[in-house]
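Coordinate analysis (summary)
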Amino acid sequence: MSIRKLAVITGDHKANDPTKLGAAYGPEDLAAHDAMVAAFESLGRFDLTIYNDHRRLFERLAAQRPDLVVNFCDTGINNRPTRELNLPAWLELHDIPYTGATPQAMVLCFDKQIVRLVAEALGVEVPGEVFLPAGSARSLPDLYPALLKPNAADGSVGITKDAVVRNEAEALAYLAFLDRELPGHDILWQEYLPGPEYGMGLIGNPDAGLTVLPPLEVDFSGLPQGSNPILSFESKVDPASPYWTEIKFRKAAIDAQTLARLEGWAKALFRRFGLQDYGRFDFRCAADGRPKLMECNPNPAWANDGKLAFMAGFADIAYPKMLEMVVDAAIARVES
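Every chain is numbered on its own, with residues counted from 1 as its sequence reads. pLDDT decides what is reported in this predicted model: residues at 70 or higher carry local features, side-chain atom pairs at 80 or more are listed and counted, and totals for whole chains, interfaces and linings draw on all residues regardless. Excluding hydrogens and water, the side-chain values take into account all heavy atoms of the structure.

Time to look at the overall build of the chain. Counting from the N terminus, the helices are the DSSP runs of H or I reaching at least four residues and the strands are the DSSP runs of E reaching at least two. Tallying secondary structure elements over the chain gives eleven helices and 13 strands in all. In terms of C-alpha radius of gyration, the chain reaches 20 Å, essentially the compact-globule figure of 20 Å for 336 residues. In terms of overall dimensions, the chain has a C-alpha envelope of 60 × 45 × 35 Å along the principal axes. For the chain, with 336 residues in total, the buried portion stands at 51%. Should any heavy atoms of two residues lie within 4.5 Å, those residues are counted as being in contact. Residue pairs in contact within the chain that sit at least 24 positions apart in sequence constitute 69% of those at least 6 positions apart. To be clear on the numbers: accessible area is Shrake-Rupley with a 1.4 Å probe, and residue cover counts the displayed protein chains and nothing else. Surface accessibility of the chain: about 14,500 Å² in total, with carbon and sulfur atoms responsible for 51%. Averaging the coordinates of the 33 positive side-chain charges in the chain and doing the same for the 45 negative ones gives two points 2 Å apart. As defined in this context, the radius of gyration uses C-alpha atoms, and a globule is described by 2.2 Å times the residue total to the power 0.38. With a 1.4 Å probe rolled over the protein chains alone, any residue whose accessible area is under 20% of its type maximum counts as buried; one over 50% counts as exposed, and the rest are partly exposed. Positive: Lys, Arg. Negative: Asp, Glu. His and the chain ends are not part of the count. Where a charge lies is defined by one atom per residue type: Lys uses NZ, Arg uses CZ, Asp uses CG and Glu uses CD.

Moving on: the sheet that holds strand β3 (residues 68-71). For two strands to be treated as a pair, DSSP must find at least two bridges joining them. The strand order β2-β1-β3 describes an open sheet built from three strands, whose pairing is parallel. Two strands bound the open sheet, and with one partner strand each, they are β2 (47-51) and β3. Across the sheet, the axes of successive neighbouring strands diverge by a mean angle of 25 degrees, strand direction being ignored. Helix axes are fitted to C-alpha atoms over the stretch in contact, other axes to C-alpha atoms as well, and angles between N-to-C directions run from 0 to 180 degrees.

Here Pro 81 lies in the loop between β3 and α3 (86-93). The spacing of Pro 81 and Val 334 is 253 residues in sequence and 26 Å in space, taken between C-alpha atoms. Excluding residues within four positions of it along the chain, Pro 81 makes contact with Pro 18, Thr 75, Phe 110 and Asp 154.

Next up, the structure:
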């Protein structure tokens, strides 16, 4: 199969998006999109069609039938996170190959409690956690400090700078905030981990070979004194926030034993959840220095200023080459 016609599908630039500040694409989002398109064009290998408008998306795909879809629609169809799985599901029904996670993997990884239970069964260390069902009478766990977050959400939605609570008053206030902002959502009451935070990025597929990128560490040292050192919603969307301007990414300095453990866990999770072509796993250390799994990202951020691009840069892999590696992993998988 000769792969030449490439369709790159992102979120809808004109539709409301709850993962953006003000629910709308901003200049930074559009600049990242343009950088991605320019990177693909610089490869000179593909005939590109870019889809950033979801009106009649499926009709246009059916008519044009690309050789491969680059699924960068990490916001879901019409920018609804619960519809992220709809695009790969439709592509499978129409026998159009695509990059990234299957619908099944997206469903599993979207539910954070399921991720935790599967990881724990694999021997991956996880934080202590209590699941608070939506609409139920809540008996507050005696687990402080805690990180409170929605059980199912993308883009750090529901995780603000105040999501770390240290007493009952703070917990009740944040639970009330979540009930207002995300009514009907189940909540996770999770052990807050005060240690370093790491990202592990992988490109490839288990049976054909996985490239493990150098790990990333999140540098919170520039935050104002007293700020909670977390990657909050503000860090993803608000250029005016110190969580955007002062948090940096750097190459992690991890001892060989810990690095081997993280690589082994990442590979096991990649295979168990059925990820394809690329993925990212976030870990954070407890007070005793032991890392625990925080997140499984089946279709991680593809932007040139995202974690995966930083990790590729640590390995001297330029951004266009990183995108090409993802596409080539999908091509090899499709042609095998």
